[in-house]
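Understanding the architecture of this molecule
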Amino acid sequence: MLEDSYGRKIDYLRLSLTEKCNLKCRYCMPSGDVPSLSSHKTLSHKEMIKLAGIFSELGIKKIRLTGGEPLLYVKIIPLIRSIRRLKGIESISLTTNGILLDKYLKELKDLGIDSINISLDSLSPAKYKKITGRDDSAKVFKNITMAIDAGLKMVKINSVLSPFIDKEDILGLINAFEDLPVVLRFIEMMPASSLEGIECQGPSAESHSYDIASLEHLVSSLKGYRPTKKVYGYGPARYYSSEAKPLVIGLINNKEEVCFFCNRLRLTSSGKMILCIFSGKSLDLKESLRQNNSREFIAKMITSFIKEKPKNRTIASEGAYENCLNECMYRVGG
Ligand code: SAM
Ligand code: SF4
């Protein structure tokens, strides 16, 4: 079992399959052309499976596939099949923008994908297009309902509180999903290098038209919704539920309080292992593989690197804002 210097057990890996995406969300990707990584700079399919295997031997039990857009990774189905075979992996989940979900849903379900997070910030086609570059909100909504109908164990909707979002978008999502068994999570926007030209500021700035505190106020004022201690998944959210409705609402902020139970690691498609989204430290596992190091050697590198996982960091920690600005979310996997 992997354990960091503060006694936290690390059993959750977010694996980013590709930097490519079929959307261009303004808080995630830089404006203008986004150069794609040449194939020798990204992990090969074999390398990805080998690293997933090493992580599972070290005690990783849950793997979430992300990106970029993970459904653009052409070998996603064989990859999931291979990860399924790894001893010790109890759960495989996916974070997707949902555009291609209808094409893959059946196979994903048959492969036992436990939980799918689908990103949708607004149901308004114009607003969705303003944020993502495509007016596909209706398609994503339809694919979310397909996923629910397919009987997946858990369907969550991720909605980023960017400055483009207003009360109407938030209430629109809540109304559309209130009778469905889903978890709708509103996520505080994080700074990333892609944010040039949109209003996201440093730690002390008032950055969003809707911040988590005002959203908390809004959700508490909804008839029947009360805070619940029940946890949905492994993310750092606070949840609200209602006895009258199946919808659960989650609020995710980037405050220090969530670090106490952080159990996660990230691996990018270029093979960089990242310990914390607010820390600039990373370990290049691709290079280590390509130097023909043994599994045991790489496992030792990982185990000792874990000890550098910071105790607690937020966007307000020294250097964190700059580190975030050095990375784009589509690289890190969110
Ligand atoms: N393309 C997939 C998607 O959008 O769900 C997976 C990758 S995306 C980077 C993973 C998650 O990160 C999404 O839920 C997305 O909304 C979130 N995300 C991207 N940029 C963000 C930012 N600046 N702040 C907070 N969340 C962000
Ligand atoms: Fe693509 Fe997801 Fe980033 Fe949007 S948030 S640009 S869908 S990777």
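Now for a quick tour of the structure. (Residues numbered from 1 in each chain as written. Chains lettered and ligands numbered in written order. Predicted model: local features only at pLDDT ≥ 70, side-chain atom pairs only at ≥ 80, totals over all residues. Heavy atoms only, no water.)

1. Re the sheet that holds strand β5 (residues 91–96)
In plain terms, the rule: A strand pair is defined by DSSP finding two or more bridges across the two strands. Under the scheme used here, helices are H or I runs from DSSP no shorter than 4 residues and strands are E runs no shorter than 2 residues, and both carry numbers assigned from the N terminus. Every axis in this analysis is a line fitted to C-alpha atoms, fitted for helices over the stretch in contact. Angles between the N-to-C directions lie between 0 and 180 degrees. The contact criterion used throughout is that any non-hydrogen atoms of two residues lie within 4.5 Å.
Across the sheet, which stays open at both edges, the 12 strands sit in the order β9-β10-β11-β8-β7-β6-β5-β4-β3-β12-β13-β14 with mixed pairing between neighbours. Both edges of this open sheet fall to β9 (226–228) and β14 (282–284), since each of them pairs with a single strand only. In this sheet, adjacent strand axes meet at a mean angle of 25° when their direction is disregarded. Alignment of strand β10 (residues 237–241) against strand β11 (residues 248–252), held across 4 bridges, turns out to be antiparallel. Counted as the bridge partner of Tyr 240 is Ile 249 from β11. Across the face of the sheet, helix α2 (residues 76–84) comes into contact with β3 (12–16), β4 (62–66) and β5 while running at roughly 170° to β4. Along the sheet, helix α6 (residues 167–177) contacts β7 (154–161), β8 (183–188) and β11; its crossing angle with β8, the most-contacted strand, is approximately 165°.

2. Structural notes on α2
Note the threshold: Only protein chains enter the area calculation, which uses a 1.4 Å probe; residues under 20% of their type maximum are buried, those over 50% are exposed, and those in between are partly exposed.
Within α2, burial applies to Ile 76, Ile 77, Leu 79, Ile 80, Ser 82 and Ile 83. Buried residues along α2 sit in contact with β3, α1 (45–57), β4, β5 and α3 (101–110).

3. Describing the site of ligand 1
Here is the rule: Here a residue is considered near a molecule or strand provided that any single heavy atom belonging to it is located within 4 Å of it. A 3.5 Å cut-off defines polar contacts: any pair of N or O atoms within that distance qualifies, except that in protein one atom must be a possible hydrogen donor and the other a possible acceptor, and neighbouring residues in sequence count only when both atoms are side-chain atoms. Reported accessibility uses the Shrake-Rupley method at a 1.4 Å probe radius. Residues are deemed covered only where the shown protein chains occlude them. Any residue outside Ala, Val, Leu, Ile, Met, Phe, Trp, Tyr, Cys, Pro, Asp, Glu, Lys and Arg is labelled polar, Gly included; the first ten of those are nonpolar and the last four are charged.
Around ligand 1 sit 18 residues, and of these Tyr 27, Gly 68, Ser 119, Met 190 and Met 329 come closest. Here Asn 158 contributes a side-chain N or O atom positioned 3.1 Å from an oxygen atom of ligand 1. Taken by itself ligand 1 offers 540 Å² of open surface, and the protein chains cover 94% of this. Contributing elements (two or more residues each) for the shell around ligand 1: β5 and β7. Its residues assigned to classes, the shell around ligand 1 shows 6 nonpolar, 10 polar and 2 charged.

Note that all results are geometric; they support no functional claim without further evidence.
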